[in-house]
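Here is how the chains run, residue by residue.
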Amino acid sequence: MLQIRNLRVSVDGQKILRGVNLDIQPGSLHAIMGPNGSGKSTLASILAGRDGYEIEAGSITYHGQDLLEMDPEIRAREGIFLAFQYPVEVPGVTTMYFMREALNAVRKHRGKEELSAGDFLRLARQKIKPLGMEAGMLKRAVNEGFSGGEKKRSEIFQMSMLEPTLGILDETDSGLDIDALQVVADGVNALRSPDRAFVVITHYQRLLNHIVPDYVHVLGDGRIVRSGDKTLALELERRGYSWIVPASGQAAAAGA
Amino acid sequence: MSSAIDQLEGLTTQEYKYGFVTDIDQETLPPGLNEDTVRFISARKEEPQWLLEWRLKAFRNWQRMKEPDWPNVHYPPIDYQAISYYAAPKSADDRPKSLDEVDPELLATYEKLGIPLEERAALAGVAVDAVFDSVSVATTFREKLADAGVIFMSISEAVREHPELVRKYLGSVVPPTDNFFASLNSAVYSDGSFVFIPKGVRCPMELSTYFRINAMNTGQFERTLIVAEEGSYVSYLEGCTAPMRDQNQLHAAVVELVALDNARIKYSTVQNWYPGDKDGNGGIYNFVTKRGACRGRNSKISWTQVETGSAITWKYPSCILIGDNSVGEFYSVAVTNNHQQADTGTKMIHIGRNTTSTIVSKGISAGVSNNSYRGLVKIMPKAEGARNFSQCDSMLMGDRCGAHTFPYLEVRNKSAQVEHEATTSKIGEDQIFYLNQRGIETEDAVSMIVNGFCKEVFRELPMEFAVEAQKLLGVSLEGSVG
Ligand SMILES: Nc1ncnc2c1ncn2[C@@H]1O[C@H](COP(=O)(O)OP(=O)(O)O)[C@@H](O)[C@H]1O
Ligand SMILES: [Mg+2]
């Protein structure tokens, strides 16, 4: 579904990704781990199409198309969803209105009819309930005044509404207490299916007890320095990153 | 590396959507302004002697006045002798009795403006007094209003039919000597609307007037007077768009509102005059004096405005809170793009006891425009228990535009409570990216973010006007920023 080849990215002349290779098959769940500043969020941003990065070399192919040529909203409509590490506030715009516009844009792109206000509301209520949030949240402005946990849950809610093909979660676990973590993990697990893949970015192994990965990759010094199965995450938990991440990567990370 | 902002600034080629010119023969006075001009206008309108004297007094006063130079706007000197002060469509003499009699070309013009008059009127139950250039040419729902005792007609007609009312209130809120542009207006005003809501009457429909400017070099000097007697209520909507022109056009309107005991007046404006092209050529100069007097106890005047047009805007809808417990409100969205300049805000003058005022101003600047909020809150010595809350938020799009806030505060009564909040934010690339990432395209994202920013103002507008205003904002900012 997704092939990343020799991806090299810099920001303001600083090299951040130095040749990333990754293949993602439908139905699989990949965890990407690595020290702070190792480039995990950068990789997520590149996949989602954020501006401001220089792609120096490499390619990303998504369902046979050149992903890097696609505008971010097209990527979204083609099924790429990014749960943000820092969800953005949009004052005065209700979550309901925002999600309805988003869902209808996505549906239209996929050749489906737009949902009526009533149908949308029914769907939204149904999706929000398992995430332990009140339907009243739909009337609140997007992320405005949300607690850290509410923001993350809202991201998962949005993902379940938009039913992506590739879900990317950037440190969705950070700042969550254990109960919220379980709720978020359940939300992700409920969405797992043979034709949907996930990239779960996390700094800690903890989340991976709840969302069990098929593969674990360690990002260090702008490259994937090791890949393995879920046991790699446990090993990282015990031993930290220093034994696999080169010293230069550590230095760069420390400076970040 | 191209940022969303660069990319979008490149798209700023959106031309004025409503730019076109209607070809109706005008009877136009040659350019120039002297006492004879004033006499000509007054004679054309068959005005009584007192009104001619009133105009002449204003004119003589204007001659001694200086154009204000304190607003934060810049424009080449206006040659008042190069402007023509009277234009009327030919059909003015035999005024149409119904829409069937209205010049079809004029109706088509409204159509193009997205204002299908009869449809709007029928659907929304809105009475429309459409002002085309200087003379009103269509009025509907007269009878229904008359049944309720409401007077809604052009001010020229009102001078003929209700001279005592006009004479009593005209200039009583904005005296003919008030300021440079108000004096000019008083001397040469061509027409406008008159509304009178008698005691205890709730006006059965929302009243609206569409102003348009359509004559090259013809200044527009509209005069509006709304009087709400004891315990009455009226909601008045004013909206306008103008055709594309090269020449700058001067507009100096005066609006006066009078609210007696327990009366409420809600005055809403959506203004979309030609702002000039993207290089700053042409566009309307809009120098307006709008003022309401809450004369009665518990009276209330609300101004709501959405300003997206004009090359230059100079406008401060104000409330004079004379009656005890009276309430003044000002809700404003002012959008400037390209080379537009706006200096707008309000004045709240607290005179009576326990008077309260609310100011919510949202300024949005894009392109290389300049947007200033200027607001005065004045608490007079006898205004025991007066309260004001002001909130002024500015949003910048791109980094070549300006937003300025000039709050003035004069408190002469110690019991007054005054609160002022101000914020300035930049429309965030990360906000736009967040919306993009959910499948929403950039133009829609900008529109959504901006409409969210303006929500507190839009919710004060009557429903169908709010929808229109949101669309207008989208159009005004189309391709302007990221
Ligand atoms: N927009 C940016 N401008 C400058 N430096 C950036 C920017 N985004 C990321 N970086 C730098 O790139 C490196 C990787 O950051 P990031 O991808 O956020 O790491 P991670 O998510 O793994 O903690 C860090 O050194 C960070 O400071
Ligand atoms: Mg990160």
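Analysis parameters
Residues numbered from 1 in each chain as written. Chains lettered and ligands numbered in written order. Predicted model: local features only at pLDDT ≥ 70, side-chain atom pairs only at ≥ 80, totals over all residues. Heavy atoms only, no water. Near = heavy atom within 4 Å. Polar contact = N/O pair within 3.5 Å; in protein donor to acceptor, adjacent residues only side chain to side chain. Areas by Shrake-Rupley, 256 points an atom, 1.4 Å probe, with all protein chains shown as cover. Helix = DSSP H or I, 4+ residues; strand = E, 2+ residues; numbered from the N terminus. Nonpolar A, V, L, I, M, F, W, Y, C, P; charged D, E, K, R; others polar. Axes fitted to C-alpha atoms, helices over the stretch in contact; angles between N-to-C directions. Left-handed = near helix turned anticlockwise from the far one by under 90°. Contact = heavy atoms within 4.5 Å. Core = buried A, V, L, I, M, F, W, Y, C linked by side-chain atoms within 4.5 Å. Buried < 20%, exposed > 50% of the residue type's maximum accessible area, 1.4 Å probe, protein only. 1 Å grid on protein atoms, 1.4 Å probe; cavity = no way out; pocket = protein on both sides within 12 Å on 5 of 7 lines; lining within 4 Å. Points joined across faces, edges and corners; volume = space filled by probe spheres on them. Expected span 1.5 Å × (residues − 1). Pairing = 2+ DSSP bridges.

Draft legend 1. Focus on the site of ligand 1. Residue and element names in this part refer to chain A. Of all residues adjacent to ligand 1, which total 12 residues, the nearest are Ile16, Gly37, Lys40, Ser41 and Thr42. The contact in question runs from an oxygen atom of ligand 1 to an N or O atom on the backbone of Ser38, over 3.2 Å. Here Lys40 contributes a backbone N or O atom positioned 2.8 Å from an oxygen atom of ligand 1. In the complex, 67% of the free accessible area of ligand 1, which totals 560 Å², lies under the protein chains. For the shell around ligand 1, the secondary-structure elements that each account for two or more residues are β2 (14-24) and α1 (40-48). Broken down by element, the shell around ligand 1 gets its largest block of residues, three residues, from α1. Of the residues that constitute the shell around ligand 1, the class distribution is four nonpolar, seven polar and one charged.

Draft legend 2. Summary view of the packing of helix α3 (residues 49-63) of chain B against helix α9 (residues 180-188) of chain B. Residues and elements named next belong to chain B. In the contact formed by α3 and α9, the axes pass within 7 Å of each other and the chain directions differ by 145 degrees. Both α3 and α9 take part in a crossing whose hand is left-handed. For the pair α3 and α9, the contacting residues are Trp54, Arg55, Ala58, Phe59, Asn61 and Trp62 in the first and Phe180, Ser183, Leu184, Ser186, Ala187 and Val188 in the second.

Draft legend 3. Broad picture of the nonpolar core. With 111 residues, the main nonpolar core has Leu2, Phe157 and Leu166 of chain A together with Ile364 and Val450 of chain B as its most contacted residues. Among the nonpolar cores identified, the runner-up in size contains 50 residues, and Ile83, Tyr85, Leu170 and Phe221 of chain B belong to it.

Draft legend 4. Up close: empty space enclosed by the protein. Residue and element names in this part refer to chain B. Tallied over the entire structure, the rule returns six cavities of 30 Å³ or more. If you add up the space inside the second largest cavity, you get close to 110 Å³. As for the second largest cavity, its lining consists of 17 residues, and the residues nearest its centre are Ser361, Gly363, Asn371, Ser372 and Tyr373. Here the lining of the second largest cavity is composed, by residue class, of five nonpolar, 10 polar and two charged.

Draft legend 5. Representation of the environment of Ser41 of chain A within the structure. Residue and element names in this part refer to chain A. Within the secondary structure layout, Ser41 lies in helix α1. With relative accessibility at 27%, the residue Ser41 sits in the partly exposed group. Each C-alpha atom of the pair Ser41 and Leu82 lies 10 Å from the other, and the pair is 41 residues apart in sequence. At 2.8 Å, the side chain of Ser41 and the side chain of Gln85 are in polar contact.

Draft legend 6. Local environment of helix α5 (residues 148-162) of chain A. The terminal C-alpha atoms of α5 of chain A, which comprises 15 residues, lie 22 Å apart, in line with the 21 Å expected from a rise of 1.5 Å per residue. Counting buried positions along α5 of chain A gives 13 out of 15 residues, so the element sits mostly inside the fold.

Draft legend 7. Representation of the sheet that holds β2 of chain A in the model. All names here are of chain A. Spatially, four strands are ordered β2-β1-β4-β5 in an open sheet, and the strand pairing comes out antiparallel. Every other strand in the sheet has two partners, leaving β2 and β5 (65-66) as the edge strands with one partner each. Two strands pair when backbone bridges link them, and strand β4 (residues 54-62) and β5 are joined in this way by two bridges, in the antiparallel orientation. Bridge pairing in β5 places Tyr62 opposite Gln65.

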